[in-house]
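Report on the structure
Below are the chains, spelled out letter by letter.
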Amino acid sequence: MLGVLFSVLSAATFALNNAAVRRGVVTGTPGQAMAITVPLGVVCFLPVAFLLGELSRVGQFSPAAMGWMASLGVLHFLIGRFCNFKANQVAGVNLTAPVVQLQVVVTMVMAVVVLHEPCTALQIIGGIIMLGGSLITQRQPPKAKAAPADKAPADKPALPPFIPRYLAGYVFASLAALAYGNTPVMARFALEHTGPATGILGGLISYTAATAIGSLALLSSKFRQNLRALNRGNVQWFVYSGVFVAAAQGFFFCAVSVAPVLLVMPLLQLSLIFRLLFSTWLSPDHEVFGWLVMFGAAISVAGALLVSADSAMIVHALAPPESVARFLLWSV
């Protein structure tokens, strides 16, 4: 039961992270969001690692493991996060979340190719269903909302109606899915045969590496000018995002420490539904919303469950004819 609670909390806070950063990049930029959320990861993980006594175990990390976690930080927290934030900015969370969720398929492919883990026909079908769900959301036409002039605050200019840039959103969301999907395999190489608390130390190493590499952007005058243009209203949304994503990763580590991964991973797919709810609540005028988005998200969740859940358990519950069961359980 505790594992279920931590998993749902992780899914919800991951969704809150996306909704909060979406609210910030309406008028801010992904670069501004990165400058706040990545260092915040260090601030959030450092005291937890200290309280758990993990800092004294840094010397037990092999150079290879530290290299994997540092590379993970650059790929996940810099490249993947920037692409995710950019996708949110140009197309909104509701349209891009099902595409980003294809990271589950990427992880499955990498697990088969790199880790030589089995992949069943049912999981392949689930991946195809996820892809279909993400494509369905792209068919939702935007509804332009022109806010009446008399409702705009006198001291704030009315924002232009949101018009999603589908191609750019789809490309950046796909790149985010590729980056996010590869990092679990990298974490497996680094953290295999270690305890759950060591994952907190690994996360701290990843965030520290990402912060160090990301700070090189300060050498660019254009980036510094971008940061100086950051307004106070967006700062709070980016801070919320940084705290939420750090909490989400913490809840994930707690979940896998008390429950099987096969229970945790399917529950994490609820983040798609949470993203739909939170983004529409926080940014109703800057999201594409409609029955195709909801239907596509539901299809993507169903596909994600087929990919991440135990195929044998699903087949046993469905009790199909023996020939169908053998086909669904056939593995690569």
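Residues numbered from 1 in each chain as written. Predicted model: local features only at pLDDT ≥ 70, side-chain atom pairs only at ≥ 80, totals over all residues. Heavy atoms only, no water.

Quick notes on the overall build of the protein
The helix and strand inventory of the protein stands at 15 helices and zero strands. Across the 332 residues that make up the protein, the buried fraction comes to 47%. Considering only residue pairs separated by 6 or more positions, the protein has 91% of its internal contacts joining residues 24 or more positions apart. A total accessible area of about 16,100 Å² is found for the protein, and carbon and sulfur atoms account for 72% of it. (Helix = DSSP H or I, 4+ residues; strand = E, 2+ residues; numbered from the N terminus. Buried < 20%, exposed > 50% of the residue type's maximum accessible area, 1.4 Å probe, protein only. Contact = heavy atoms within 4.5 Å. Areas by Shrake-Rupley, 256 points an atom, 1.4 Å probe, with all protein chains shown as cover.)

Regarding the pattern of salt bridges
All told, the structure shown has two salt bridges when counted by the stated rule. Across the pair Arg-326 and Glu-322 runs a salt bridge, and its minimum N-O distance is 3.1 Å. Note that Arg-326 and Glu-322 are positioned in helix H15 (residues 322-329) at a spacing of four residues, about one turn of the helix. (Salt bridge = Lys/Arg side-chain N within 4 Å of Asp/Glu carboxyl O.)

Description of the confidence of the model for the protein
Mean pLDDT for the protein: 80, with 82% of residues reaching 70 or above. The low-confidence segment residues 146-154, where pLDDT is below 50, has one contact with residues more than four positions distant or belonging to other chains. (pLDDT = per-residue confidence, 0-100.)

What about the nonpolar core?
By size, the foremost hydrophobic cluster in this structure holds 30 residues, and its most contacted members are Phe-61, Met-69 and Tyr-207. Of all the elements in the fold, those that place two or more residues in this core are helix H1 (2-25), helix H2 (30-51), helix H3 (63-91), helix H7 (166-191), helix H8 (196-214) and helix H10 (232-258). When residues in this core are grouped by element, the largest group, eight residues, is from H2. Counting residues in hydrophobic clusters, the runner-up holds 16 residues, among them Val-99, Val-100, Val-104 and Ala-177. (Core = buried A, V, L, I, M, F, W, Y, C linked by side-chain atoms within 4.5 Å.)

A word on the packing of helix H4 (residues 93-100) against H7
The contact between H4 and H7 brings their axes to 8 Å, and the two run at 35 degrees. Considering only the axes of H4 and H7, their crossing is right-handed. Across from Leu-95, Thr-96, Val-99 and Val-100 in H4, the residues of H7 making contact are Tyr-166, Gly-169, Tyr-170, Ala-173, Ser-174, Ala-176, Ala-177 and Tyr-180. Its residues assigned to classes, the contact of H4 with H7 comprises nine nonpolar, three polar and no charged. (Axes fitted to C-alpha atoms, helices over the stretch in contact; angles between N-to-C directions. Left-handed = near helix turned anticlockwise from the far one by under 90°. Nonpolar A, V, L, I, M, F, W, Y, C, P; charged D, E, K, R; others polar.)

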